[in-house]
Amino acid sequence: MRVVVEKRDTRSKRMAILIPLVSFIVSLMLGAIVLIASKSNPLQAYGAMLNGAFGNARRFQYTIVESLPLLMCGLGVGIAFRLKFWNIGAEGQYVWGAIGITWVMQFWRFLPVPMLLPVGLAVGMTLGALWAGVPGFLKAQWSVDETLTTLMLNYVAIGLAEYLYINKWKAPLGNMGTPEFPREAWLPQIWGKVHAGIFIALALVVLLWFLLYKTRWGFELNMIGKNPKAARYQGVSIKRNIVLAMILSGAICGLSGSVNTAAIAHRLTKGVNAGYGFTGIIIAWMSGLNPFASILVAVVMAALTTGADALQIAMKLPESMGEVLQGLVLIPLLAGSIFVEHKLKFIKKEAA
Amino acid sequence: MKKLSVLLVLLLLSTTLIFAQGGKEAAPKADEPFKVGVIYISSPGDMGYSYMHDQGTKAAEAYFGDKIEVIRMENVPENDGAARAMEQLVDAGCKIVFANSYNYQDYMLQVAKENPDVYFEHCSGYLSNPNMSNYFGRMYQMRYLSGMIAAKMSTSGKLGYVGAFNTPEVVRGINAFALGARAINPKATVTVVWTNTWYDPSLERQGAIALLDQGADVIAQHQDTTEPAKAAIERGKLAVGYNADFRSIVGSDSVLVSPMWNWGNYMIPAIESAINGTWKQQSYWGGLEDDMVKLSPISPLVPKDFQAQVMAKQDEIAKGSWDVFWGELKDNTGAVRQKAGEKMADDKMLTMDWFVEGVIGSVK
């Protein structure tokens, strides 16, 4: 007997709901095996994780704060993904956002202090857009593989940020990082730890939803991704749209870096490349590129991180166990998604 | 929309679980142990920096027995995740929280201000609050002694030093190492490579290899793992460890000596004072006299009479009759930074941002 994977004739609605659900249960069970093997009660451990992520107002706030950069990076890369342009450079674009706002806060002091924050966000956004525009242009002009260029540019951006906070822009007194931004220019907190970046993130969700589903441009992007030939016959400029989509994608990832830096670290310092850009790829993928769905996925992913803290505290498990469980949640969900559009077909061998 | 509904179901599922979990938090009992939170930058499995901190934690656990309960958090990032970790420890009922890496300090200060009833102990920084102390040790004293041994055993006089960051702590250690080396061999040089990470086994190893390629025959390090020392030994060269006794961990006499930490000597009194309610804010910088730092047993490759010479120097430091940064000091551009007869004050040491003569490399 042979097993082949075959594309489904229609996207099954029932499967689209059932498969992620089953995948999630499978991942919980896989995690349970690992937990039992390390002599922990899986129910207790999952309970501790949920409690750690949502158990009280403070924990919930931390989960929201953690979800915001994930959401924004997910939205950013999602735009490029619509064109099947694999922007895996969100991390670098995020870092450029952090560099941009730090540049403004530290060196643009000719501006009145209340202007520093908005200008800083705009500059961070612009730098992220430019950084993403380069691989976009290379792809559009000479078909240079974007997976490589966007990935490698991450390390250039991270290296530059390190050079800036360790050497060039370093605060005196041997501190490892730039001087703190003026307090009046911080992005304010609005509910406990939750900062005003939540408004920016949610506004982006609505804006992008409108742009992608309600405008001609959004329609064009979708067409390029699904059927580039048809798009070309319709007179849609693929080159132009690739560059535009990448600029928008980088702008959002850059803004995410600026927002987080202005709200949390208040300076460029170690820990700026926290991996939000990379996790953003998972957010975009798992949300099916839907901006509203991204909110939920980002919160779930953030909860996996904040919840993992609780594993160490309540269960006295090592930190690596949290990472194992996070990985185990992802693999079945991502692997399972193939069955939404494909099905297994069993072919019996014919008798000789 | 399909995916959306799936996620809605998931969220619903998770919220029900949360509510099922709610109200389960047990009320604290009167005879509950005193809870101590400990945050590590890496995992105690690094066999270096966090390992030695964990040895200190274990010493405290052995000393207090059932009176305390320790909650450890490892691999905590130096960003908002650190503040979150500290708050979660406070949430879990910890009355004193230790954190062992430099860049935690801003986050600890922020959490300390919001939790005045909890004591905070930050290792290696300079920030403080009425309920937050910082503590560290005079590791430079041991660096000097290890520099003496390195220079004695080097044939080329070229010593290599794998450094993490250009912070005063690391710079001070390199300077002390170079001063010790040049006290034995005035022509010895110390070449520095920066890895820009405390903990990265592969980058640490690469740094050591770069130095070996340049002709260094003894590799010293300010890193969290044993990789630089291992790289040197694999090339048939010598190494100076750090944090823990690398000679026994790596299993080679080519590790000449290791400057070591003894964190328990600080943690135990700090926890004791927190339990008794006599805790006081301080900026602690203990040295040899407090047994905060020490030298591992020296490798048998080092001649016995020279070992005695090193021990004699150590006695001078312990007695306070001599210290590393006393007397005339030139930087590596030849400018005099301290005149003969002067003793460097602690604040100058804690902000040191220049290399002494004989160090090849740049702080900036």
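In short, a report on the structure.

About the criteria used
Residues numbered from 1 in each chain as written. Chains lettered and ligands numbered in written order. Predicted model: local features only at pLDDT ≥ 70, side-chain atom pairs only at ≥ 80, totals over all residues. Buried ≥ 20, exposed ≤ 12 C-beta atoms within 10 Å, placed from the backbone. Helix = DSSP H or I, 4+ residues; strand = E, 2+ residues; numbered from the N terminus. Pairing = 2+ DSSP bridges. Right-handed = clockwise from strand over helix to strand, strands pointing away. Contact = placed C-beta atoms within 7 Å. Axes fitted to C-alpha atoms, helices over the stretch in contact; angles between N-to-C directions. Expected span 1.5 Å × (residues − 1). Arc of directions from axis to C-beta.

## Overview of the pairing of strand S6 (residues 158-163) of chain B
Residue and element names in this part refer to chain B.
Working step 1: The element S6 is extensively covered by neighbouring structure, given that 5 of its 6 residues are classed as buried.
Working step 2: Strand direction decides the pairing type here: S6 and strand S7 (residues 189-194), joined by 6 bridges, are parallel. The partner of Tyr161 across the bridge, within S7, is Val192.
Working step 3: Note on the crossover from S6 through helix H6 (residues 168-184) to S7: the handedness is right-handed.
Working step 4: Both S6 and strand S8 (residues 218-222) contribute to a ladder of 5 bridges, which runs parallel. When the sheet's bridge partners are listed, Leu159 is paired in S8 with Val218.

## With respect to the pairing of strand S5 (residues 132-137) of chain B
Looking along a regular strand, one sees the side chains alternate between the two faces of the sheet.
Residues and elements named next belong to chain B.
Working step 1: Within S5, 6 of the 6 residues are buried, which leaves it mostly tucked inside the rest of the structure.
Working step 2: Burial along S5 is two-sided: the face carrying Met132, Asn134 and Phe136 and the face carrying Ser133, Tyr135 and Gly137 are both buried.
Working step 3: Sheet topology note: the strand S4 (residues 119-123)/S5 ladder contains 4 bridges and is parallel. Residue pairing in the sheet places Glu121 in a bridge with Ser133 of S5.

## Some words on the sheet that holds strand S16 (residues 359-360) of chain B
All names here are of chain B.
Working step 1: Taken together, the 6 strands give an open sheet; going across it, the order is S10-S9-S8-S6-S7-S16, and neighbouring strands pair in parallel fashion. The open sheet has two edge strands with one neighbour each: strand S10 (255-257) and S16.
Working step 2: This element, helix H5 (residues 139-153), spans S6, S8, strand S9 (238-240) and S10 of the sheet and lies at about 135° to S10.

## Here's the deal with the environment of Lys280(B)
All names here are of chain B.
Working step 1: Checked against the element boundaries, Lys280 lands in the loop between helix H10 (264-276) and strand S12 (283-286).
Working step 2: For Lys280, a count of 9 C-beta atoms within 10 Å translates into the label exposed.
Working step 3: Sequence separation between Lys280 and Pro130 is 150 residues, and the spatial gap between their C-alpha atoms is 8.1 Å.

## Remarks on unusual backbone geometry
Working step 1: Phi is positive for Leu289(A), close to 65°, though the residue is something other than glycine.
Working step 2: With respect to the secondary-structure elements, Leu289(A) resides in the loop between helix H11 (276-286) and helix H12 (291-314).
Working step 3: Leu289(A) gets classed as buried once you count the C-beta atoms within 10 Å, which come to 22.
Working step 4: A positive phi angle, near 60°, is found at Asp291(B), a position not held by glycine.
Working step 5: Looking at the element boundaries, Asp291(B) is found in the loop between S12 and strand S13 (293-295).
Working step 6: Judged by the 14 C-beta atoms lying within 10 Å of it, Asp291(B) falls in the partly exposed class.

## Topic: H10(B)
The periodicity of an α-helix, 3.6 residues per turn, causes residues three or four places apart in sequence to face the same way.
All names here are of chain B.
Working step 1: In a regular helix each residue adds 1.5 Å, so 13 residues correspond to 18 Å; H10 covers 18 Å between its end C-alpha atoms and thus fits that length.
Working step 2: Those residues of H10 that sit buried are Gly264, Tyr266, Met267, Ala270 and Ile271. With its buried residues spanning 155° around the axis, H10 presents them on a single face.
Working step 3: Just downstream of H10, Gly277 is the residue with a positive phi angle, here 80°.

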